[in-house]
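# Structural characterization, general
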Amino acid sequence: MRNKQHVNPQNADVDMTPMLDIVFILLIFFIVTTSFVKPVAIELQRPVDKPSIDKQTKSAHFSIDQSNAVYFAGRLIDLNQVTTNLAMFAAKYNIATVQIAADENSTHQTLMTVMNNIKEYDNYHIALTSH
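Predicted model, so just to flag it, every value in this text is computed and none were measured.

Tallying secondary structure elements over the protein chain gives three helices and five strands in all. When the helices and strands of the protein chain are placed in sequence order, the string is α-β-β-β-α-β-α-β. Looking at the protein chain residue by residue over its 131 residues, the buried ones come to 22%. The long-range share in the protein chain, meaning contacts at least 24 apart out of those at least 6 apart in sequence, stands at 70%.

Dropping the structure here:
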């Protein structure tokens, strides 16, 4: 009979605890020694609030005569210039209301065109009168 030698495999487990300890110690070392850099930002000089210009408050006056001619502040204007004249008036004054005095014989279309042009410029309160 032959002598067979039985080789007992030895337990080949490797203990990983010391290696993990070293890894964590190195990690802590690098975190502690790292200098954190603050991001560099550009300094901005923000503008201060623009000064408010005190404007006198007035009402804008439009009138429409019996031949559908449109007047603004007593001057004859073209129907397409309502917005332009209102803008020039608003540059000088705070507009409280816009008054439209329409003749009884003027057409509804002219009145509505003037009102639409005023609303196109800004949402002012409109007061209607007849003369």
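That covers the picture; the talk isn't over yet.
Pairing between strand 4 (residues 94-102) and strand 5 (residues 125-130): six bridges, direction parallel. Bridging across to strand 5, Val98 finds its partner in Ile126.

On to the sheet that holds strand 3 (residues 75-77), then. Spatial ordering of the open sheet is given by 3-2-1-4-5, a layout of five strands whose pairing is mixed. Each having just a single partner strand, strand 3 and strand 5 make up the two edges of the open sheet. This sheet shows a mean twist of 30 degrees between the axes of neighbouring strands, independent of strand direction. Of the pairings in the sheet, the one linking strand 2 (residues 70-72) to strand 3 comprises three bridges and is antiparallel in character. From the neighbouring strand, Phe72 faces strand 3, where its bridge partner is Arg75. Packing against the sheet, helix 2 (residues 82-92) makes contact with strand 1 (57-64), strand 2, strand 3 and strand 4, and its axis sits at approximately 160 degrees to strand 1. Strand contacts of helix 3 (residues 108-121): strand 1, strand 2, strand 4 and strand 5, with the helix running at about 170 degrees to strand 4, the strand carrying the most contacts.

Right, let's talk about the side chain of Asn85 for a bit. Mapped onto the fold, Asn85 is located in helix 2. Classification of Asn85 by relative accessible area gives buried; the value is 6%. Within the structure, the side chain of Asn85 is placed 2.7 Å from the backbone oxygen of Gln81, a separation counted as a polar contact. Once residues lying within four places of it in the same chain are set aside, the contact partners of Asn85 are Phe72, Arg75 and Ile77.

Along the polypeptide, Thr83 turns up in helix 2. Residues Thr83 and Asp122, spaced 39 residues apart in sequence, show a C-alpha to C-alpha distance of 9.2 Å. In this structure, Thr83 is in contact with Asn117, Glu120 and Tyr121, ignoring residues within four places of it in sequence.

In the sheet, strand 1 pairs with strand 4 via seven bridges, with the strands oriented parallel. When the bridges of strand 4 are listed, Thr57 appears paired with Asn94. Running through helix 3, the crossover from strand 4 to the neighbouring parallel element strand 5 is right-handed.

This part takes up the confidence of the model for the protein chain. With 88% of its residues at a pLDDT of 70 or more, the protein chain has an overall mean of 85. Per-element mean pLDDT across the protein chain ranges from 88 in strand 5 up to 94 in strand 2.

Running from amino to carboxyl end, helix 2 crosses helix 3 at an angle of 45 degrees, the nearest separation of the two axes being 9 Å. On the basis of their axis angle, the class for helix 2 and helix 3 is oblique. Every pair of crossing elements has a handedness; the one defined by helix 2 and helix 3 is right-handed. Note on element contacts: helix 3 touches helix 2 through Val114, Asn117, Ile118, Glu120 and Tyr121, opposite Val82, Thr83, Leu86, Ala87 and Ala90. Here the residues of the contact of helix 2 with helix 3 are counted per class, giving seven nonpolar, two polar and one charged.

Conventions we followed
Residues numbered from 1 in each chain as written. Predicted model: local features only at pLDDT ≥ 70, side-chain atom pairs only at ≥ 80, totals over all residues. Heavy atoms only, no water. Helix = DSSP H or I, 4+ residues; strand = E, 2+ residues; numbered from the N terminus. Buried < 20%, exposed > 50% of the residue type's maximum accessible area, 1.4 Å probe, protein only. Contact = heavy atoms within 4.5 Å. Pairing = 2+ DSSP bridges. Axes fitted to C-alpha atoms, helices over the stretch in contact; angles between N-to-C directions. Polar contact = N/O pair within 3.5 Å; in protein donor to acceptor, adjacent residues only side chain to side chain. Right-handed = clockwise from strand over helix to strand, strands pointing away. pLDDT = per-residue confidence, 0-100. Parallel < 35°, antiparallel > 145°, perpendicular 65-115°, else oblique. Left-handed = near helix turned anticlockwise from the far one by under 90°. Nonpolar A, V, L, I, M, F, W, Y, C, P; charged D, E, K, R; others polar.

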